[in-house]
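Architecture at a glance
As a plain string of letters, each chain reads:
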Amino acid sequence: MLELYHHGSSVCAAKVRLYLGEKGLDWTGHYIDILRGDQFTPEYMKLNPKAVVPTLVHDGKVICDSSNICEYLDDAFPDRQVRPDNPVIRAEVRYWTKAVDEDLHPACGAMTFMTSHRHTIRALGEEGLKKFLNSTPPFSVTADWHEQKKIFVRDGYDAPDAHKKVKLYDRYLQKMETALQDRDWLASEDYTFADIAMTPYVMRLDMMSMQGMWEGGRLPKVKSWLERIKSREICRVAIWGWMPDELTSQLAKNGAKSWPEVAEILEIKQ
């Protein structure tokens, strides 16, 4: 039995849901509201000491970290492989998945909190906000996420590292544009784990009204790639199927307000 602890706002959880969908595996979901603080309960932190989602439980065995979960699924269910057999293509896929885990994911967390989540958790009230921020373990998304999250919630795009996070995110969109010059997908002519890994991160920008980062002729290959991604039924189910209407509205509304700041950082004319 496969059980997935997840949330609609989590890009990592979306990655695993996409992978499960591509493999055609049945699973039972446990929805952890990470904006309410469900991830900080003692029961959940026994499963995942980092207090993040997703967490996979397979026949009682606990597997954490999204890329690790996806690779585990291929090992546990080898008759339904998603990873390519070609070692060269597999290495190219790992380039993207490694980049996501090490660079892009922390930048996404920062941009999401600076853009929208800071407003959502402030609605918990002064005491609720303080409890939420102080509940983050010392080592979570990154080794310094406990303190960084407080700064992003407090200062938004005025935070000291805000510009670096935005520009890092944009550099990966630029890398995508280069990779997509002569093909439809990131690592090969075929859709691979590289595309699965990047999908939630580009979709997050799309949800936060940041389309100006690729539209208007700025990154046409990324724009076309995203259109192909959105046309996939598994993407609609795995991502939009788990986004609460209120959360979708918050991301879009708050993102539209933040877009002028992001555009200024990237020197995009509006």
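The structure this text deals with has already been given above.
The present account deals with the structure reproduced in this document. (Residues numbered from 1 in each chain as written. Predicted model: local features only at pLDDT ≥ 70, side-chain atom pairs only at ≥ 80, totals over all residues. Heavy atoms only, no water.)

Some words on helix α1 (residues 11–23)
A rise of 1.5 Å per residue sets the reference length of α1, with its 13 residues, at 18 Å; its end C-alpha atoms lie 19 Å apart and thus fit the reference within 8%. Counting buried residues in α1 gives 11 out of 13 residues, a clear majority hidden from the surface. All buried positions along α1 are accounted for by Val11, Cys12, Ala13, Ala14, Lys15, Val16, Arg17, Leu18, Tyr19, Leu20 and Lys23. Along its buried surface, α1 packs onto β1 (2–6), α3 (66–76), α4 (87–122), α8 (193–207) and α10 (233–238). (Helix = DSSP H or I, 4+ residues; strand = E, 2+ residues; numbered from the N terminus. Expected span 1.5 Å × (residues − 1). Buried < 20%, exposed > 50% of the residue type's maximum accessible area, 1.4 Å probe, protein only. Contact = heavy atoms within 4.5 Å.)

Remarks on the environment of leucine 104
Looking at the element boundaries, leucine 104 is found in helix α4. Taking the relative accessible area as the measure of exposure, leucine 104 reaches 1% and is therefore buried. Put simply, leucine 104 and tyrosine 169 are 65 residues apart on the chain and 6.3 Å apart in space, counted from C-alpha to C-alpha.

Notes on the pairing of strand β3 (residues 55–58)
Both faces of β3 are covered, namely the face carrying Thr55 and Val57 and the face carrying Leu56 and His58. Relative to β3, β1 runs antiparallel, the two sharing four bridges. Each bridged residue has a counterpart across the sheet, and for leucine 4 the counterpart in β3 is leucine 56. Note: β3 against strand β4 (residues 61–64), four bridges, orientation antiparallel. Paired with threonine 55 across the bridge in β4 is cysteine 64. Taken together, β3 and the strand that follows it, β4, pair antiparallel across an intervening segment of two residues, in which aspartate 59 is found at a positive phi of about 50 degrees. (Pairing = 2+ DSSP bridges.)

With respect to the pattern of salt bridges
In the structure shown here, the tally under the stated rule is 15 salt bridges. Residue arginine 232 pairs with glutamate 22 through a salt bridge whose shortest N-O separation is 3.0 Å. With arginine 232 in the loop between α9 (220–230) and α10 and glutamate 22 in helix α1, this pair connects stretches of sequence that are 210 residues apart. Residue classification places glutamate 22 among the partly exposed positions, given a relative accessible area of 25%. When the shortest N-O distance is used, the salt bridge between arginine 154 and aspartate 155 registers 2.9 Å. Of the residues examined, aspartate 155 reaches a relative accessible area of 22% and is grouped as partly exposed. Put simply, Lys23, Asp74, Asp75 and Arg83 are held in one network by salt bridges that share partners. (Salt bridge = Lys/Arg side-chain N within 4 Å of Asp/Glu carboxyl O.)

Observations concerning the nonpolar core
Core analysis: the largest hydrophobic core is formed by 89 residues, its most contacted members being Met176 and Trp225. Looking at this core, the element that brings in the most residues is α4, giving 12 residues. (Core = buried A, V, L, I, M, F, W, Y, C linked by side-chain atoms within 4.5 Å.)

Regarding unusual backbone geometry
Cis geometry marks the peptide bond from valine 53 to proline 54; its omega dihedral reads 10 degrees. Take proline 54: it is sitting in the loop between α2 (42–47) and β3. The backbone phi angle of aspartate 59 is positive, close to 50 degrees, even though this residue is not glycine. By secondary structure assignment, the location of aspartate 59 is in the loop between β3 and β4. Despite not being glycine, glutamate 267 has its phi angle at roughly 55 degrees, a positive value.

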